[in-house]
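What follows is the residue order along each chain.
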Amino acid sequence: MAAKFEVYKSGDQYRFRLKASNGEIVASGEAYKTKAGAHEGCEAVKRAAAAATIEDV
């Protein structure tokens with residue numbers, strides 16, 4: 001199984017989480033007012049992660 005984003009309702013808002021292929025949650029997003037907003041958040045993470053670097057601080 002590949003990694004996947006899950007969009008879910010939390011109260012009256014929507015959130016997303018990214019699950020690794022083993023089912024472990026590796027990232028979660030903020031709350032969005034709409035499901036479409038949560039989907040856009042997933043797409044933003046996908047775009048940003050493709051070019052992300054690791055920085056020790």
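Before reading on, note that the structure itself is shown above.
Cut-off values and rules
Residue positions are given per chain, counting from 1 as you read along its sequence in written order. The predicted nature of this model means local features are confined to residues of pLDDT at least 70 and side-chain atom pairs, given and counted, to a pLDDT of 80 or more, with totals for whole chains, interfaces and linings taken over all residues. Here the side-chain values reflect all heavy atoms present in the structure, with hydrogen atoms and water set aside. Strands are labelled as partners when DSSP assigns at least two bridges between them. Counting from the N terminus, the helices are DSSP H or I runs at least four residues long and the strands are E runs at least two residues long. With axes taken as lines fitted to C-alpha atoms, and helix axes fitted only over the stretch in contact, angles between N-to-C directions fall between 0 and 180 degrees. Accessible area is worked out with a 1.4 Å probe on protein chains only. A residue is then buried under 20% of its type maximum, exposed over 50%, and partly exposed in between. We call two residues contacting when some pair of their heavy atoms lies within 4.5 Å. Throughout this description, a polar contact denotes any pair of N or O atoms lying within 3.5 Å of each other; where both atoms belong to protein, one of them has to be capable of donating a hydrogen while the other can accept it, and for residues adjacent in sequence the pair is counted only when both atoms sit in side chains. What makes a salt bridge here is a side-chain nitrogen of Lys or Arg within 4 Å of a carboxyl oxygen of Asp or Glu, nothing more. A helix's residues, less one, multiplied by 1.5 Å, set its expected span. Arc definition: directions from the helix axis to the C-beta atoms.

Draft legend 1. Main features of the sheet that holds strand β2 (residues 13-19). What the three strands build is an open sheet, ordered β1-β2-β3; its pairing is antiparallel. Looking at the sheet topology across the chains shown, the edges are occupied by β1 (4-10) and β3 (25-28). With strand direction ignored, the average angle separating the axes of adjacent strands in the sheet is 30°. By the bridge criterion, seven bridges tie β1 to β2 in an arrangement that is antiparallel. Looking at the pairing, S10 lines up with Q13 of β2.

Draft legend 2. A look at the environment of R17. Its location among the elements puts R17 in strand β2. Judged by its relative accessible area of 23%, R17 falls in the partly exposed class. Once residues within four sequence positions are removed from consideration, R17 is found in contact with K4, F5, E6, Y8, I25, A27 and S28. Side chain to side chain, R17 and E6 meet in a polar contact 2.7 Å long.

Draft legend 3. Molecular detail of the pattern of salt bridges. Overall, the coordinates contain four salt bridges when judged by the stated rule. Note that E6 is salt-bridged to K19, the shortest N-O span being 3.6 Å. With a gap of 13 residues between them, E6 in strand β1 and K19 in strand β2 connect regions that are remote in the sequence. The salt bridge partner of E43 is K46, with a shortest N-O separation of 3.5 Å.

Draft legend 4. Region of the structure containing helix α1 (residues 35-50). For α1, which comprises 16 residues, the first-to-last C-alpha distance of 23 Å matches the rise-based estimate of 22 Å (1.5 Å per residue) to within 8%. Of the positions making up α1, those classed as buried are G37, A38, G41 and C42. Seen end-on, α1 carries its buried residues on one side only, within an arc spanning 150°. Summarising the geometry of α1, the exposed residues directed more than 90 degrees from the buried face are E40, R47 and A50. Buried residues in α1 make contact with β1 and β2.

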